[in-house]
Structures are given as C-alpha cells and as structure tokens.
Amino acid sequence: MAPPAPLLAVRGSEGLYMVNGPPSFAESTAFRRDSGKNCKAVAFSKDGSLFAWCNGEKVNVVNVTSAELLRSFDLPKTVCLEFSPKNTVLATWQPYATAKDGTAGVPNLQLHDVKTGKCLKSFIQKKMQNWCPCWADDESVCARNVNNEVHFFENNNFNTIANKLHLQKVNDFVLSPGAQPTKVAVYVPGSKGAPSFVRLYQYPNFGGPQSALANKSFFKADKVTMLWNKKATAVLVIASTDVDKTGASYYGEQTLHYIATNGESAVVQLPKNGPIYDVVWNPNSVEFCAVYGFMPAKATVFNLKCDPVFDFGTGPRNAAYYSPQGHVLVLAGFGNLRGQMEVWDVKSYKLISKPVASDSTYFAWCPDGEHIVTATCAPRLRVSNGYKVWHYTGPVLHSHAVPPGEELWHVCWQPCPDGAFPAQAVKHQAVPGELPSAEPRPAQAYRPPALRNRPAASSKLHEDEPPQNMKQLGSSDKPLSKTALKNQRKHEAKKAAKQEARADANQETAQSVPQSAPRSAAPPVTSGDPEVDKKIKNLKKKLKAIEQLKEQAAAGKQLEKNQLEKIQKETALLQELEDLELGL
C-alpha cells in the first residue's frame, strides 16, 4: 500500500495551516489552522510524525496523524525550532538579551524532553548561526561548539560532557549522517600566515593530528561550507574569501575541495573561472553536481575521483537540486535570475522539461520524488507572494496566490522516513496538469527603428555551450592520473605554441620573399582590386589555421568549442575563396 501523500505546511500573515499533498491540495482537516498573525517558526520531525510551531504565545507540539496536542511550552519569543533525529528532544532558541544592569542574561537555548515536557538543559547561545546542537542519527552522540571547542554529550545526557575536541580555534564542525561510527569534520581558520584546514575524525578518537582520518589544508578561506555525503564516506568543502584580490569577482573567491575518510583529498578542478554558486551530493553518494563560473554558469557532475562525468553546458542557473531518490536533477536560476529550470534524467542525462518559475525565492522536492514546490516569500519579495506545486515533467498541478495586503513567509513539505517512496521510472512525457502552462511568452528584444525592417541578427553576448558526456570524450584504455593529465596538457600547450610560432615565422618569410626576389620573378596574380586581394589573403590564412587544428585533432588533442566551430566553417571558406578567385 502506498504511503499517504506528504502534507505541505504554509506559514504567513494569514496564519498557519496545512495543505494535503497531490493530488487533492485541499486544506488538511487533520491540522487545526492557527489564525494568529505572529507565527515565527515551524518544524517537522525527521520522520514527519511530529510538528512544532511558535505562534508568539507558546510553542506547541502535535502528532500530525492524530492531530493530538502533545506538549505546549511557554516560550513566546522562540524564533528557531528543531527536533532531534528520533523525536526525543525539541530544541528551541530565543534571541539572547543581557540584563538591564549589564550582567549575563538568562539561558536562551533550551532542550526539552518531548515525552515528559521536562527541560533537560539550558545553554547561553548568543549567535543565531549554528544555534542548534548536532545529533548523530541514532542520538548516541550530540555535539555543540562552545568557545572554539566542540563539546560532545552521549545518550542525551547534557549534564556531563563526555568528550571535547580542542584545536587551535575550531570555527565550525559537522557530524556525519547514517549509522555508527560517528565521524566529525572540523574547520580551523588559518592565522599568521598558517593555512586553514579541515580534518575528519572518528568519534571519540581525538588524540592529535595522527588520529585524524584525513586532513586538507588550504589558503584563501575566510569561511567554509562542509557537506557530507549520505554514506559518510567523503566531505565536500567549499572554501570562500570575502574579497577577490584579483578583482575578477565582486563576491570573493571560492574553491572546491574533496576529502575522503580513507585519507584521500583533492582540489576539484572547475573548467570555468568564477563563483561557485552551489554544490550538492547525489543521494547515491558516488556523484556530486557543481554549478559554477561567471554567467552563463556551467554545471558539471563529478565522480569520487573528481573527474567530470557529464557537463550540462552553460545557462542561466545558480542552484542544483537532486530528487530524494537521486533519479532526477533540477538546475535552476533563482534570485536575480528569471526562474528558469532544467529537469534532467540522471541515468540517461536527457533533458525532461524546462519550466519557468518566475520570482521564486524557495524550491523544495516533495519526498515522493515526483513533485516540487516553488514559492515567492516575504521578506525577500513582498509582492506576488504565493506557491506552486509542479510535476517534474513541467505542468503546474496547484497554484495559490496570497490575497493583496497579505504575505507568505514559508512553506515546507512533511518529511517521510527513508524508503517510504521508492524511485519510480522517470517520465519524459508531461503528465496532465490541472492548470494551463505557466511558461511565459519570451519577451521580444528591443530593436531600434532603423533595424526593424531588416532580418534579425543574433545579438547574444555569450554563445551557450551544449551539454556533453565527459565519459565518452575521455574514454581510453587506462585513465590518466591527475599529474599525468596536467603534464599532458602542458606538453600540448607547448606544442601548440611552437606550431603557432612556426606558422607566424613562415608567414613572415613568405611576405618578405617577394620583396627581395629578382625582378625577373613572375609577379603574384592579383585581381587589381586591393580589397579582393586582402580578402583572398585572409581566407588562405584561415584555411591554413584550420588545417593545423585538424592535425592537432588527429594527434588526439581535445579541441575547444570555438576551435571545432572553425573547422566546421572550412567548406564555406573554400567556396568563398573559389568564388573570389574565379572572379579574377
């Protein structure tokens, strides 16, 4: 029997309510609407069975299935909520405030036992960033960063610190997902010329650098983002600086690093310069997708050797989202982009659909792996607030626009336990939608009056690169190591430079010979028209360059896109040269 469709929680100035998932989309009667206009925070438990929210008066916890109110806590200023993985503990955070006489304020981070309602422990947590303690999936270990140390608690006993991880200045840490043993990735920023580093440890072995599973050091890092894969075998580290000293980017400089628990580490080589917008693991844990480069941005899937598997070419995108089952990938351009989405079949790397969700500020996959929600929320955008539910093949199945004067603040799907929705066969034909296609008509480009009666010419600032399968391009009997690949590229670059220098030298010699040749030598055939002679000379030069590119391709060199385009123009250039010479 198929599990029930996940609910969609909707929070805004109209209150808090839930909507049934596809196909009905009616307001759920299981959850009683909270019409208060001051709902600050909501949270589902990891398995979706519990739901908590703060309405500005109390924090309430209900059982989603039975709609029974389980607990109510008198914490009116709560702005952050989170359940522990097995629903044992509810963590709440209120903004920290000092007393009027300047003494320390009251603890603002509370950990409550969900069953009894008892407050297990209170801490002072001044910053909202990384406010919540991190639990292992089985709740055997819980950790939080305190004064540049990571404190570990065991079995939800928060009165005793079971272990401490003390390095120079631990700035951030992330616990691994999945089963035991628990691993932890820690980041220590560099200082006084020393590099920053990320280390992986297996709990509770913290006895110095030798006990680390892996270590990766790097410069150019003011902050990092660490991403574990689902199987806890590797971490991706996005290191970024606030300022790009080369002046190439307003958004600083980013690099992507790969660290495995077996000790391997590497810098992920990204073929295009520019910011790294998004990096996301495939749920299968053996591939990851990066969106990077100056606009139009590239998107590439890499394997665990950090070799490119598939390149999606370039396009207006800055985010990537794998479905929970890992069988569909959405590349999207939100924020300052138009909301264009590309939906790809991950197995065959075929494009399924290209819907457009204009002005979207939020995107999330439904746990069933078939539907997605996009929303326009305040305060990011205070006009046209609302949400849409789509099928990944393109059609809009449900749309809700907030009435004028009201705001939508947040929407989120009810989570489901792993395996509740097995992966279905990927559909390439659009399913029937209840609403007309939401894809807007493309806007006509402005053309000055003087050009309006002339044929339209391409006016693109950038030529989009097409997608290409990197496995087929790089297939060989034995894959080259990274060092060998680097040396091969250097050798090819030197060879190409020598060929270009030789060609330039030959051209100069050819130009100087007619000047020093005896007067008895036959003069070159000319048309008598200097413009035509100049065209012929340029065409011959282009054809010679094409011949050199063809030789390089035959020798096994991988040509760039613009070089391949030059070769394709050979027939047209030969025809043009023949026409000019026949006219002599």
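Residues numbered from 1 in each chain as written. Predicted model: local features only at pLDDT ≥ 70, side-chain atom pairs only at ≥ 80, totals over all residues. Heavy atoms only, no water.

## A look at the sheet that holds strand β16 (residues 183–188)
Hydrogen bonds along the backbone pair up the strands of a sheet, which may run parallel or antiparallel.
Then comes step 1: Read across the open sheet, the 4 strands follow the order β15-β16-β17-β18; overall the sheet is antiparallel. Two strands lie at the open edges of the sheet, namely β15 (172–175) and β18 (214–218), each paired on one side alone. Direction aside, neighbouring strands of the sheet carry axes that sit 15 degrees apart on average.
Then comes step 2: Here β15 pairs with β16 via 4 bridges, running antiparallel. Paired with Leu175 across the two strands is Val184, which belongs to β16. (Pairing = 2+ DSSP bridges. Helix = DSSP H or I, 4+ residues; strand = E, 2+ residues; numbered from the N terminus. Axes fitted to C-alpha atoms, helices over the stretch in contact; angles between N-to-C directions.)

## Section: the confidence of the model for the chain
Then comes step 1: Scored by pLDDT, the chain comes out at a mean of 82, with 84% of its residues at no less than 70.
Then comes step 2: Predicted confidence is poor over residues 513–523, with pLDDT under 50, and the contacts of this stretch with residues over four places away or in other chains come to 0 contacts. (pLDDT = per-residue confidence, 0-100. Contact = heavy atoms within 4.5 Å.)

## Quick word on the packing of aromatic side chains
Two measures describe an aromatic ring pair: the distance that separates the ring centres and the angle between the ring planes.
Then comes step 1: Scanning the model with the defined rule gives 20 aromatic pairs in all.
Then comes step 2: Where Phe288 meets Phe302, the ring centres are 5.5 Å apart and the plane angle is 20 degrees; that geometry is what we call stacked. Here Phe288, found in strand β24 (residues 287–292), pairs with Phe302, found in strand β25 (residues 297–303); they are 14 residues apart in sequence, far enough to count as distant. For the pair Phe288 and Phe302, one class covers both residues: buried.
Then comes step 3: Aromatic side chains Phe312 and Tyr349 sit 6.0 Å apart centroid to centroid with 65 degrees between the ring planes, which places their arrangement in the edge-to-face category. Of this pair, Phe312 sits in strand β26 (residues 308–315) while Tyr349 is found in the loop between β29 (341–345) and β30 (350–353), placing the two residues 37 residues apart along the sequence.
Then comes step 4: Residue Phe312 is classed as buried on the basis of its relative accessible area, which comes to 2%.
Then comes step 5: Among the aromatic residues, those joined into a ring-pair cluster are Phe31, Phe44, Phe51 and Trp53.
Then comes step 6: The ring of Tyr17 has Arg33 lying over it, and the distance from NZ or CZ to the ring centre is 4.1 Å. (Phe/Tyr/Trp six-rings, centres within 6.5 Å; stacked < 30°, edge-to-face > 60°. Buried < 20%, exposed > 50% of the residue type's maximum accessible area, 1.4 Å probe, protein only. Lys NZ or Arg CZ within 6 Å of the ring centre and 35° of its normal.)

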